[in-house]
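Per-entry structural report
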Amino acid sequence: MNKNWRLLVLLACSFLYAFASADTTSATNPLCKSASDTTKLNEKSYVLIGGIKQWITIKGDSCANPVVLFVHGGPGNPTSLFSEDLYKEWEHEFTIVQWDQRGAGKTFEANQKSSEITPEDLANTELSLALIATDGIEVADYLHTTLKKNKIIITAASWGSAVGIKMISKRPDLFYFYVGVSQLVNYETNLLTSYQLALNIAQQNHDQNALEFLQSAGAPPWKNPRNFGKLRKITRAYEAKVNDQTLSMKTSAEYQTEAAQLAYGFGEDFSFMKFLGMDGDGMAQTIALDKTDLDFKIPVHLIQGKEDLLTSPDVTEKYLSAIKSPGKSYVLVEKSGHDLSARIFNAQITILRAGVKHIAKH
């Protein structure tokens with residue numbers, strides 16, 4: 001998002017920011033009377049999580065349906081932005097829960113200023129993998145209470161997959177099973193593999209623009225946070241050439257206001273800078289699941305795009321082979337990269353349906 005545009009919209013919306021507020025829901029007012037209640041759900045509100053207002057949407061045709069909590073990637077890229085359109089059909093079978101993490105989307109809008117991110121903002125605002133995972137566990141607890149469920153299902157993507165793994169490691173009792181999409185395993189390993197794959201493709205295709213950056217930057221680890229963004233721009237362009245089934249994603253109504261759009265952009269910037277750090281010292285560098293999270297009490301299913309150049313299939317498959325779980329599976333999706341594609345989308349709901357059938361049998 002253009003920074004000058006942001007500032008202009010910020011001035012235009014200053015009156016709105018001064019007086020904007022939203023109701024905060026608490027777990028003392030359940031949405032469902034029981035686990036078998038057939039009430040239709042369409043809840044959009046702020047919930048007090050981790051001491052701050054965090055945005056949660058809960059949508060589904062019946063309280064009796066299994067609950068799926070989405071843990072979004074980015075960080076700073078909530079799935080709730082597109083959920084109203086993208087997951088509408090899923091609501092016949094599942095209760096779909098979207099949660100804007102701390103520092104992202106409408107949660108950012110409620111708690112932080114939509115203005116240029118300063119070094120002081122980064123230093124004085126806590127954001128970590130552990131903190132967001134703790135928030136996520138509190139979200140799951142809230143869902144148990146308000147939806148009257150003993151357990152829920154969790155699915156997570158990219159950055160969110162690191163959060164999701166931490167959640168199921170700490171509180172497996174809250175969840176039936178886990179579905180990871182484009183699983184982030186170890187930031188340093190994933191980044192180095194991504195660099196090497198991009199370099200190989202650039203050399204094969206004589207892509208001089210890509211080669212100029214890759215060779216001048218050298219292999220990671222990097223301290224300059226801009227390098228990650230430049231690498232991702234290269235890999236995303238390469239992935240786009242093999243993805244022939246893109247998804248049409250319409251922005252949900254609550255994100256179509258100028259205030260929400262502005263907050264989304266600044267939240268994305270803030271989360272990205274906290275992710276990488278200003279000197280190679282961000283949240284990303286704390287992710288090493290292959291060393292810290294290998295023993296699980298619930299089934300773990302991983303969906304991986306075959307052409308993913310950010311979280312590569314080799315790293316994901318090696319991780320799944322190393323973990324212990326009462327049930328695990330690996331789905332390699334053809335002609336798909338890191339970002340959500342129609343094929344990955346279909347693989348995700350297929351795994352969710354299979355998991356629910358397994359639960360019903362037991």
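Here's the deal with the environment of glutamine 112
Relative to the helices and strands, glutamine 112 is located in the loop between helix 4 (105–111) and helix 5 (119–124). In sequence terms glutamine 112 and phenylalanine 266 are 154 residues apart; their C-alpha atoms lie 9.3 Å from each other. Setting aside residues no more than four positions away along its own chain, glutamine 112 makes contact with Gly103, Thr125 and Phe270.

Remarks on the pairing of strand 8 (residues 300–305)
Summarising burial for strand 8: six of the six residues are buried, a large majority. Here strand 7 (residues 175–181) runs beside strand 8; their pairing, made up of four bridges, is parallel. Bridge assignment links tyrosine 178 to a residue of strand 8, and that residue is valine 300. The pairing of strand 8 with strand 9 (residues 328–333) spans six bridges and is classified as parallel. Note on strand 9: the bridge partner recorded for valine 300 is lysine 328. Handedness of the β-α-β unit built from strand 8, helix 13 (residues 313–322) and strand 9 comes out right-handed.

A few points about the state of the cysteines
Considering all chains together, one arrives at one disulfide under this definition. Two residues share a disulfide in this structure: cysteine 32 and cysteine 63, whose sulfurs sit 2.0 Å from each other. Residues cysteine 32 and cysteine 63 share a disulfide whose torsion about the S-S bond is about -80°; that sign makes it left-handed. Of the two residues, cysteine 32 sits in the loop between strand 1 (24–25) and strand 2 (41–49) while cysteine 63 sits in the loop between strand 3 (52–60) and strand 4 (67–71), which places them 31 residues apart along the sequence. Each member of the pair, cysteine 32 together with cysteine 63, is buried.

Some remarks on helix 13
Regarding helix 13, the residues found buried are Pro313, Val315, Thr316, Tyr319 and Leu320. Each buried residue of helix 13 lies within a common arc of 165° when the element is viewed along its axis, so the set occupies one face. Of the exposed residues in helix 13, those oriented more than 90 degrees away from the buried face are Asp314, Lys318 and Ser321. In this fold, the buried residues of helix 13 make contact with helix 7 (159–170), helix 8 (187–205), helix 12 (289–292), strand 8 and strand 9.

Observations concerning the packing of helix 6 (residues 129–147) against helix 7
Taken N-terminus to C-terminus, the directions of helix 6 and helix 7 make an angle of 65°; their axes are 9 Å apart at the nearest point. Handedness of the helix 6/helix 7 crossing: right-handed. Seen from helix 6, the contacting residues are Leu129, Ile132, Ala133, Thr134, Gly136 and Ile137; seen from helix 7, they are Trp159, Ala162, Val163, Lys166, Met167 and Lys170. A breakdown of the residues in the contact of helix 6 with helix 7 according to their chemical character gives eight nonpolar, two polar and two charged.

Thoughts on the side chain of threonine 193
Residue placement: threonine 193 occurs in helix 8. Residues contacting threonine 193, with those up to four places away along its chain left out, are Ser312 and Val315.

Let's talk about the side chain of histidine 301
Counting through the fold element by element, histidine 301 comes out in strand 8. According to the relative accessible area criterion, histidine 301 is buried, its value standing at 15%. A distance of 2.6 Å separates a polar atom in the side chain of histidine 301 from a polar atom in the side chain of serine 329. Beyond its immediate chain neighbours, meaning those up to four positions away, histidine 301 contacts Phe177, Tyr178, Val179, Gly180, Lys328, Ser329 and Ile351.

Definitions and cut-offs
Residues numbered from 1 in each chain as written. Predicted model: local features only at pLDDT ≥ 70, side-chain atom pairs only at ≥ 80, totals over all residues. Heavy atoms only, no water. Helix = DSSP H or I, 4+ residues; strand = E, 2+ residues; numbered from the N terminus. Contact = heavy atoms within 4.5 Å. Buried < 20%, exposed > 50% of the residue type's maximum accessible area, 1.4 Å probe, protein only. Pairing = 2+ DSSP bridges. Right-handed = clockwise from strand over helix to strand, strands pointing away. Disulfide = S-S within 2.5 Å. Arc of directions from axis to C-beta. Axes fitted to C-alpha atoms, helices over the stretch in contact; angles between N-to-C directions. Left-handed = near helix turned anticlockwise from the far one by under 90°. Nonpolar A, V, L, I, M, F, W, Y, C, P; charged D, E, K, R; others polar. Polar contact = N/O pair within 3.5 Å; in protein donor to acceptor, adjacent residues only side chain to side chain.

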